[in-house]
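Structural overview
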Amino acid sequence: PGKKVLIVYAHQEPKSFNGSLLKIAVEELTKQGCSVTVSDLYAMQFEPRATRNDIVGHLHNPEAFNYAVETWEAYKRGGLSKDLVEEQKKVQEADLLIFQFPLFWFSMPAILKGWMDRVLVQGFAYDLTKANGGGLLQGKLCLFSFTTGGSKEKYAIRGDIRYLLWPMQHGIMHFCGVKVLEPHICYAPEHVSEEKRKEMLTAWTQRLKTLWKEEPIDCSPDWYFK
Ligand code: FAD
Ligand code: ZN
């Protein structure tokens, strides 16, 4: 109770299976006494492109645009665009970040990737000039909750699921200092029976009930590639 959760949600349709997973998470976590914020990226028409529009006012180097440098400089002087500042505030306040999305091409939908690209700027999410690896979002947890088109059996064959989690969980979140909980994967909701779908939704509710007792994974290459 009292924990703050930010759910970054990337599905266009509230009636989708992802929409149902989102609804469950909001209801269950609220019931536990958590305060839950949702960034519904499509509904917000969130801008996924990393452009110079993200910097308000003068550029550090107007001669040659460098997104990483310009956003870092803008962050330091409070010159990032309003939508980014709002998302950063939500991240800053959160104890837990849940990413809810359908798998697109072994990764996250572009709108969510754009959220990562634009919100997690140097100075806010990481600092490469620091010795300790540089992650600035210490003390936070994250959880990747997603659905697939492919069946669990297909994904089990070569262990692809963990390979594709490496860029998201390790490359982004661990890099920023966030501890990673076990992912939550609902396989092929479009292709299973209604009964199985209900089971998957119940399993998500059940998991959320004991979520705060979970230990983060050991987010090192072994977890992904062994
Ligand atoms: P939906 O189609 O919304 O839901 C499935 C069914 O569940 C629907 O019949 C819906 O009515 C029903 N439902 C919703 N709520 C409930 C409820 N409360 N109770 C019971 N039933 C309910 N898949 C891969 O595996 N790998 C890929 O690389 C990949 N790349 C993709 C790239 C693109 C561009 C696209 C568009 C898809 C890709 N997919 C891939 C498939 C994609 O991951 C799946 O289509 C998606 O995960 C399904 O989730 P959904 O929420 O959209 O399902
Ligand atoms: Zn890691």
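In this report, the structure presented in the accompanying data block is examined. (Residues numbered from 1 in each chain as written. Chains lettered and ligands numbered in written order. Predicted model: local features only at pLDDT ≥ 70, side-chain atom pairs only at ≥ 80, totals over all residues. Heavy atoms only, no water.)

Looking at ligand 1, there are 22 residues lining it, with S20, L103, W105, T147 and Y155 nearest. At a separation of 3.0 Å, a nitrogen atom of ligand 1 approaches a polar backbone atom of G149. Interatomic distance of 3.0 Å between a backbone N/O atom of G150 and an oxygen atom of ligand 1. Alone, ligand 1 offers 1000 Å² of accessible surface; in the complex the protein occludes 69% of this. Every element with two or more residues in the shell around ligand 1 is listed here: α1 (17-31) and α7 (194-209). Here the element with the most residues in the shell around ligand 1 is α7; it accounts for 4 residues. For the shell around ligand 1, a count of residues per class yields 9 nonpolar, 8 polar and 5 charged. (Near = heavy atom within 4 Å. Polar contact = N/O pair within 3.5 Å; in protein donor to acceptor, adjacent residues only side chain to side chain. Areas by Shrake-Rupley, 256 points an atom, 1.4 Å probe, with all protein chains shown as cover. Helix = DSSP H or I, 4+ residues; strand = E, 2+ residues; numbered from the N terminus. Nonpolar A, V, L, I, M, F, W, Y, C, P; charged D, E, K, R; others polar.)

With that settled, consider the packing of aromatic side chains. Applying the stated criterion across every chain yields a total of 14 aromatic pairs. Measuring from centroid to centroid gives 5.4 Å for Y126 and F175, while their planes differ by 55°, and the two rings are tilted. A residue pair is termed long-range when its members are at least 10 positions apart, and Y126 in the loop between α4 (110-119) and β4 (141-147) and F175 in the loop between α6 (160-174) and β5 (179-180) qualify at 49 residues. When the centroid spacing of 4.7 Å and the interplanar angle of 70° are considered together, the rings of W223 and Y224 count as edge-to-face. Across the pair, exposure class does not vary: W223 and Y224 are buried alike. Feature note: the residues F99, F101, W115, F144 and F146 constitute an aromatic cluster, connected by ring pairs. The ring of W72 has K76 sitting right over it, with the charged end atom 4.5 Å from the ring centre. (Phe/Tyr/Trp six-rings, centres within 6.5 Å; stacked < 30°, edge-to-face > 60°. Buried < 20%, exposed > 50% of the residue type's maximum accessible area, 1.4 Å probe, protein only. Lys NZ or Arg CZ within 6 Å of the ring centre and 35° of its normal.)

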